[in-house]
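Structural overview
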Amino acid sequence: MDLRFGTSENIDVIIRYIIEAGAGTYEFLLDGLIPTVDACDLLRYSVTDASSPYHFSNAVLAEDDGATLGMVLALPSEDLGMSEIVARMLPQGRQHALSELTGSIGPGSWYVNTLVVEEAAQSLGVGRALLTFSADVARQLGRDAMTLHVWSDNERAFNLYRSVGFREVDRFKLDLSERGYKCADMAVMSAKLPLLAT
């Protein structure tokens, strides 16, 4: 397995992974803000904008024989959120859901925005390798902690995060049901760096 930073050739897979990990969050926030423009279109703007923390070069992909196995996209916690122009367009109810997410992360940490492993590659150490790589980047940038959100019903992810030293520090209900999406508890997890080796 090889780990590498994303390139412009990976834009579509990066967007797919962000959408998949969000489980309706991005669609809830972004769909319908602009007629005929959906969450994928708006994410494409962020993923291709060199000044965006969601830029493709910040994604790390795991590959084996040319097949993408998974991805992590992490960023400084203070960069979490969306552009000012998109935030101004968000209706109040969507802004409230976003504030639940962004308000639960402490400053100064390295935030794991997206971690996805292909179904066929799960239990092969891909997620652990991606987290470890991201933690190494964080430490090189002077960060001493990582944080993330995880849906409370994602037991596989909880087990991985706990195994490398993450602990649940908060939990809140993220209610996206107003627009037909998920309503579930979301946990905030944090780990001191370096991550635990297993």
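These figures come from a predicted structure and were not determined experimentally.

**Points about the pattern of salt bridges**
- What the rule picks out here adds up to 9 salt bridges.
- With a shortest N-O distance of 2.5 Å, R44 and D12 are connected by a salt bridge. With R44 in helix α3 (residues 39-48) and D12 in helix α1 (residues 11-22), this pair connects stretches of sequence that are 32 residues apart.
- A salt bridge links E155 to R162; its shortest N-O distance comes to 3.6 Å.
- Note on E155: relative accessible area 44%, which makes it partly exposed.
- Residue R162 is classed as partly exposed on the basis of its relative accessible area of 37%.
- Residues joined in a network through salt bridges with shared partners are E168, R171, K173 and D185.

**Considerations on α3**
- Every buried residue of α3 is accounted for by A39, L42, L43 and V47. Buried residues of α3, viewed axially, fall in a sector of 140 degrees; they line one side.
- As for α3, its buried residues are in contact with α1 and α2 (25-30).
- Where α3 begins, the capping side chain belongs to D38, and its oxygen is found 3.1 Å from the backbone nitrogen of C40.

**Some details on the sheet that holds strand β4 (residues 110-117)**
- An order of β1-β2-β3-β4-β5-β7-β6 is seen for the 7 strands of this open sheet, with the pairing classed as mixed. Taken across any chain shown, the strands that pair with only one partner, and hence form the sheet edges, are β1 (2-5) and β6 (167-175). The average angle at which neighbouring strand axes cross in this sheet is 25 degrees, direction not considered.
- Here β1 pairs with strand β2 (residues 59-64) via 4 bridges, running antiparallel. Within β2, the position partnered with L3 by the bridge is A62.
- Relative to the sheet, helix α6 (residues 126-140) contacts β1, β2, β3 (67-76), β4 and β5 (145-151), its axis offset from that of β4 by approximately 155 degrees.
- Together, β4, β5, β6 and β7 (183-192) form the strand contacts of helix α7 (residues 155-163), whose direction differs from that of β5 by roughly 165 degrees.

What counts and how
- The residue count restarts for each chain, going from 1 along the sequence in the order it is written.
- Local features in this predicted model are restricted to residues whose pLDDT is 70 or higher, and side-chain atom pairs enter the listing and the counts only when it is 80 or higher, whereas totals over whole chains, interfaces and linings include all residues.
- As a rule here, side-chain values come from all non-hydrogen atoms in the structure, and water together with hydrogens is ignored.
- For this document, the term salt bridge refers to a Lys or Arg side-chain nitrogen within 4 Å of an Asp or Glu carboxyl oxygen.
- Under the DSSP-based scheme used, a helix requires at least four consecutive residues in state H or I and a strand at least two consecutive residues in state E, with every element numbered from the N terminus.
- Only protein chains enter the area calculation, which uses a 1.4 Å probe; residues under 20% of their type maximum are buried, those over 50% are exposed, and those in between are partly exposed.
- The arc in question is formed by the directions pointing from the helix axis toward the C-beta atoms.
- Contacts are assigned to residue pairs that have any heavy atoms within 4.5 Å of one another.
- Here a polar contact means two N or O atoms within 3.5 Å. Within protein one must be a hydrogen donor candidate and the other an acceptor candidate, and residues neighboring in sequence count only if both atoms are side-chain atoms.
- Pairing between strands is defined by DSSP: at least two bridges between them are needed.
- For helices, the axis comes from a line fit to the C-alpha atoms of the stretch in contact; other axes are also lines fit to C-alpha atoms, and the angle between any two N-to-C directions lies between 0 and 180 degrees.

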